[in-house]
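# Results of the structural survey
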Amino acid sequence: MPLNRPVTSEQLDHLLRPERIALVGASDKNLFSRRAFTQHARLDAGKPITLVNPRTAVVHGTPTVPSCRDIEGGIDCAFLLTPQKATADALRDAAAGGAKAAAVLSQGWAEEGPDGRRQQDQLVGLAEELGVVLLGPNHLGFANFADGIALCALGLDMPIEPGPFALVTQSGAVGSSLVGYAARNDARFSFVVTTGNESMITVADVVRHLVEDEHTRSIGIFAETIRKSDVFRAAARRAAELGKAIIILKAGTSELAAATAKAHTGALVGDDRVIDALLRQEGVIRVRSVEDLICTGMLCANTGPLPRSGVGIMSVSGGACDLIADQGHDVGLQLPPLSDSTRTRLTAILPSFAHPQNPLDITGAAATRPDMWRGAFEALAAQPEIGLIGAVTSLPTDGEPQRVDTFTAVGAAIRATGIPGVIFPQIDQPQSEQVRDIKAQSGIATVLPGVERFVRAAAGLAHWSTWLRSRSPGTSEPQRSGVAPDASIRLPDSPSLSEKVARDLLGVAGVPFVPSTLATSRDEAITAAEAFDGAVVLKMCSAEVAHKTELGGVELDLVGDAAVGDSYKRITERADAAGVTLDGVLVSPMRRSGIELLVGVTRDADWGQVLAIAMGGALVELLDDTALRVLPVGRGDIIAMLGELRGCRLLHGFRGSKPVDMDLLVDTIVSITSVAEALAGDIESVEVNPLLVDGDRIEALDALITRV
């Protein structure tokens, strides 16, 4: 099965929801066999499992059968623990026993190099012949807690109580760490799936399938790479439709193809930046640590999307309030200021020396007055902008009954207001059985381990909730700008394209350019300059030169016949010295005022065409102020991109400068993307740099189109 071919829902059901299971190659000497058998046995109502071993009659204290064909009624899924060299025969036997799916644990496949890749491809070919879908190889299996299946060799501290959070990870070792951390913090899973080498089933396939699962309310991903980009985007869009958050910890970076470096845009669009833009575009929450992956996923699963994205904080520690304010600022956590009515209400609840604000220090008096926790929570919940409330307090331990009272009061306030609440201590603390019991008794769904974990998880949830509310209802496909790619736009037959050709192609689509004349002689250049009545710019025009300034091919601020004529002579001589054939020299009026932008589209090997908007013109790499989106985009995407630039204030008028006509600017960018989409199969990049914006005057000063 080629990696770009989607895996069907029926195939994934055979794998993830089997009724009859075989542990093939089970052995007392195999650590993964012992773990898988023990893991499955931990489930209270686990599906029946048969051990297969042709040489040993009893394994793990359980009778075995020599072959999958000996299993009465057959099997749906086989968990292959066999060595790499025995896997093909084991797969044939499993298929003969009725298996439609198999999880292959062994190593020694594509991760080992070309020989391993060839053997993995052969295994996939065999699986296709047999009608079996493969998970792995080189992974640690999966668990489906709602249906009582744990075909996995992850750590035995994995929590087994069913929950609303699904975890999908390419790395089995990282998966073991993740489930261990989850166990210490009372996170509970619907599914845990490791994908390994992804010979047939990828992270994207699993996520797309689990989005539809009724027990799953959020999905966490650890991935080093994302294969099947179209499937992943479809999964993200479907998750948004259903109000289910996807959270990803994406590790590893790579560079785009070297060809894209021919344009400035290619240098800007590094692979990780593209992925980051795509995730933001599709509403996927990106985190930077395994701890944040678990905590954010757990919080999103427990709350769902917030109707309001503001967060209220109450604490018995003023220091904790300061930390949350500082850390919240760094990650964009919204902590709305309190209204007069909320402050008045809090004044009646708090001691006279307290200061009603958000974050709220309810003072140490709350340690002996649990009613203050409830009253403060209910007052904050009445604030119109607040959709989530965090309470900072130490977790219950023996001899500290007031902490139990705090949980009880906060739980009562959550039920009374309908606003979700989270309890967390100042310093990371794992959750004891006592804490878990008190959580259950008080009705508190989420306890996070500490301040930093809460701040990052709450910020991720809030940002996602805001994005979800801003999304057009019923949106299941990427939104286009409203301008369809012009089918009449065609590239000329020449292998390379000059600036003149790029100007003509973009101009037809409606991109406004500074006026220019192509001169092929000194006299023509002088005549063209006279027609512009002022200082002019002269530029080389050749399909052989992408960046003219590197050859001294651009001269600015030329006034008078002599200056223009001498400039023409210098430019043509430099071209001759470099062995460059010129189409001519472009003569344009000199522009002095305005803001310079770069607008370009380049091709990413995984995600397709990527739009970049950047501040700076010639200084674009130095300023490093760029916003990215994967095409297609809508006008709203472009407006959001402009707002993401650090220099966006310049566009709205700054210290006396004219505000830019934003509608016209967006129209221009839409026109550039329409050309890129019309030529998508033939070009590597389209770039306008600089695009000069000055009030209602918007002009492209230079353009470059590179072929594939």
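Residues numbered from 1 in each chain as written. Predicted model: local features only at pLDDT ≥ 70, side-chain atom pairs only at ≥ 80, totals over all residues. Heavy atoms only, no water.

Another aspect to go through is the UniProt feature "domain: CoA-binding" (unreviewed entry) in the protein chain. Cross-referencing UniProt, the feature "domain: CoA-binding" (unreviewed entry) maps to residues 15-109 in the present numbering. Regarding residues 15-109, the helix share stands at 24% and the strand share at 23%, and the terminal C-alpha atoms are separated by 21 Å. (UniProt positions renumbered as here; feature names shortened; annotations may be inferred. Helix = DSSP H or I, 4+ residues; strand = E, 2+ residues; numbered from the N terminus.)

With that settled, the discussion passes to unusual backbone geometry. The omega torsion across Gly136 and Pro137 is 0°, close enough to zero to call that bond cis. When you line up the elements, Pro137 lands in the loop between strand 7 (133-135) and strand 8 (141-144). Here the bond from Leu631 into Pro632 is cis, since omega is 5°, no more than 30 degrees from zero. In this structure, Pro632 sits in the loop between strand 26 (626-630) and helix 21 (635-644). Positive phi values are uncommon outside glycine, yet Glu198 reaches one of about 55°. Residue placement: Glu198 occurs in the loop between strand 11 (189-194) and helix 6 (203-210). A residue is classified by how much of its surface remains accessible, and Glu198, at 1% relative accessible area, is buried. (Buried < 20%, exposed > 50% of the residue type's maximum accessible area, 1.4 Å probe, protein only.)

Next up on the list: the domain arrangement of the protein chain. Under the domain assignment used here, the protein chain contains domain 1 (1-153), domain 2 (158-304), domain 3 (308-471), domain 4 (515-589) and domain 5 (595-707). A straight line from the C-alpha centre of domain 2 to that of domain 4 covers 52 Å. (Domains from an automatic or database assignment.)

With that out of the way, let us pick up the sheet that holds strand 18 (residues 421-424). With parallel pairing, five strands are arranged side by side in an open sheet as 16-15-17-18-19. Edge strands, defined here as strands with exactly one partner in the open sheet, are strand 16 (360-361) and strand 19 (446-447). As paired elements, strand 18 and strand 19 share two bridges and run parallel to each other. Across the sheet, Val422 pairs through a bridge with Thr446, a residue of strand 19. Strands in contact with helix 13 (residues 370-381) are strand 15 (310-315), strand 16, strand 17 (386-392) and strand 18; relative to strand 15, the strand with the most contacts, it is inclined by about 160°. (Pairing = 2+ DSSP bridges. Contact = heavy atoms within 4.5 Å. Axes fitted to C-alpha atoms, helices over the stretch in contact; angles between N-to-C directions.)

The subject of this paragraph is the sheet that holds strand 8. Taken in spatial order, the seven strands line up as 9-8-11-10-12-13-14 in an open sheet, and their pairing is mixed. In the strand order of this sheet, the two ends are held by strand 9 (149-152) and strand 14 (285-286), each with one partner. Inspection of the sheet shows strand 8 paired to strand 9 by four bridges, in the antiparallel sense. Of the residues in strand 9, the one forming a bridge with Ala143 is Ala150. Most of the contacts of helix 1 (residues 9-16) go to strand 8, to which it runs at about 90°, and overall it touches strand 8, strand 9 and strand 11.

Listing the buried residues of helix 9 (residues 271-281) in full gives Asp271, Val274, Ile275, Ala277, Leu278, Leu279 and Gln281. Positive phi appears at Gly283, one or two residues downstream of helix 9, with a value of about 75°.

Neither face of strand 18 is open: one carries Gly421 and Ile423, the other Val422 and Phe424, and all of them are buried. Crossover strand 17 to strand 18 through helix 14 (residues 401-417) is right-handed. After leaving strand 18, the chain enters helix 15 (residues 433-442) and then returns to the sheet as strand 19, a path that is right-handed. (Right-handed = clockwise from strand over helix to strand, strands pointing away.)

Computed from the structure, the second largest pocket encloses a volume of approximately 710 Å³. Going through the elements one at a time, strand 21 (536-541), strand 22 (554-558), strand 23 (584-589), strand 27 (683-694) and strand 29 (703-707) are the ones with two or more residues in the lining of the second largest pocket. By residue number, the principal contributor to the lining of the second largest pocket is strand 27, which donates four residues. Each of domain 4 (515-589) and domain 5 (595-707) contributes no fewer than three residues to the lining of the second largest pocket. (1 Å grid on protein atoms, 1.4 Å probe; cavity = no way out; pocket = protein on both sides within 12 Å on 5 of 7 lines; lining within 4 Å. Points joined across faces, edges and corners; volume = space filled by probe spheres on them.)

This part covers a nonpolar patch on the surface. Among the surface-exposed residues, Leu619, Leu622 and Leu623 lie close enough to one another that they form a single nonpolar patch of about 310 Å² accessible area. Mapping Leu623 onto the fold places it in helix 20 (residues 620-623). Residue Leu623 is classed as partly exposed on the basis of its relative accessible area, which comes to 37%. (Patch = residues over 30% accessible without salt bridge, like charges linked within 9 Å, V, L, I, M, F, W, Y side chains within 5 Å. Areas by Shrake-Rupley, 256 points an atom, 1.4 Å probe, with all protein chains shown as cover. Salt bridge = Lys/Arg side-chain N within 4 Å of Asp/Glu carboxyl O.)

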